[in-house]
Amino acid sequence: MNRSFSFISYILRNNPNADSLNIPLVLYGSGWVDEQYGFMRFCGEREIDGNDKTGMILSNVPHYYVVGVELHKAAE
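To start, this report covers the structure provided alongside it. Residue numbering note: each chain is counted from 1, following its sequence as written. This being a predicted model, a pLDDT of at least 70 is required before a residue's local features are given, and a value of 80 or more before pairs of side-chain atoms are given or counted; all residues contribute to the totals for chains, interfaces and linings. Neither water nor hydrogens contribute to the side-chain values; these are computed over all heavy atoms in the structure.

Looking at the packing of aromatic side chains
In this analysis, rings of Phe, Tyr and Trp, with Trp reduced to its six-membered ring, are considered paired at centre separations within 6.5 Å, and the interplanar angle assigns stacked below 30 degrees, edge-to-face beyond 60, and tilted for intermediate values. This structure, assessed with the given rule, holds 1 aromatic pair. Pairing Tyr37 with Phe39 gives two aromatic rings, centres 6.3 Å apart and planes at 40°, and the pair type is tilted. Since its relative accessible area comes to 54%, Tyr37 is described here as exposed. Exposed residues in this analysis have more than 50% of their type's maximum accessible area, buried residues have under 20%, and partly exposed residues fall in between, with area computed by a 1.4 Å probe over protein chains only. What makes Phe39 partly exposed here is its relative accessible area of 41%.

Okay, structure coming up:
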């Protein structure tokens, strides 16, 4: 078994009263130099909130893209 891979799941906080739902599938970004340890990294958080850009990963990544799907409630 590859011990370097982590099976961390994504937590989707759903609002059942919303007319649309945005589901992020992939965060694609560049690494950054960790000054404390002196190497390039792209890790550090178990959960990333796309609305909060102050977390460790999103505040340090110079460039990133989030690929996902957006669902809208169909008109009746």
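Description of a nonpolar patch on the surface
A cluster of nonpolar side chains, contributed by Leu25, Val26, Tyr28, Tyr65, Val67, Val69 and Leu71, occupies part of the molecular surface with about 740 Å² of accessible area. Only DSSP runs of H or I covering at least 4 residues are called helices, and only runs of E covering at least 2 are called strands; the numbering of each starts at the N terminus. Sorting elements by how many residues they give to the nonpolar patch places strand E4 (residues 64-72) first, with 4 residues. Here Leu71 lies in strand E4. Patch building starts from residues that exceed 30% relative accessible area and form no salt bridge, then joins like charges within 9 Å and nonpolar side chains (Val, Leu, Ile, Met, Phe, Trp, Tyr) within 5 Å. Only the protein chains shown count as cover for residues, and the accessible areas themselves come from Shrake-Rupley with a 1.4 Å probe. The working definition used for a salt bridge is a side-chain nitrogen of Lys or Arg within 4 Å of a carboxyl oxygen of Asp or Glu.

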